[in-house]
Amino acid sequence: MGQASLTRRRPETNEPVTLLLLQHLFPGWTITRDERGIWEATGRVAISASDVDGLLGLMAVADPDATRRAVALLREKR
């Protein structure tokens, strides 16, 4: 019998689409990913993280108003 993995694999992230979405949701920020794979955002402050989830967590702390607007945009019904 095969061995089942207990860890969940995350789906692959489409980096260009993720960058476009983040730039749309956070227009006051410049968001990039460098050649080492580090996600960076520059707004009122500069922040960086090794993954997009970490970057979003830091952005929520650095700019809670922009985060609330982004969440509202994502919840909007079309």
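For the structure itself, consult the block above.
Our subject in this report is the structure included herewith.

Thresholds applied
- Residues numbered from 1 in each chain as written.
- Predicted model: local features only at pLDDT ≥ 70, side-chain atom pairs only at ≥ 80, totals over all residues.
- Heavy atoms only, no water.
- Salt bridge = Lys/Arg side-chain N within 4 Å of Asp/Glu carboxyl O.
- Helix = DSSP H or I, 4+ residues; strand = E, 2+ residues; numbered from the N terminus.
- Buried < 20%, exposed > 50% of the residue type's maximum accessible area, 1.4 Å probe, protein only.

1. Description of the pattern of salt bridges
Counting across every chain of the model gives four salt bridges. Across the salt bridge formed by Arg33 and Glu15, the nearest N and O atoms sit 2.6 Å from each other. Highlighted residues: Arg33 in strand β1 (residues 30-33) and Glu15 in helix α1 (residues 15-25), separated in sequence by 18 residues. Judged by its relative accessible area of 33%, Arg33 is partly exposed. Looking at Glu15, the relative accessible area reads 30%, which means it is partly exposed. With a closest N to O distance of 2.5 Å, Arg68 and Asp65 form a salt bridge. Of this pair, Arg68 and Asp65 both sit in helix α3 (residues 64-75), three residues apart, which is roughly one turn of that helix.

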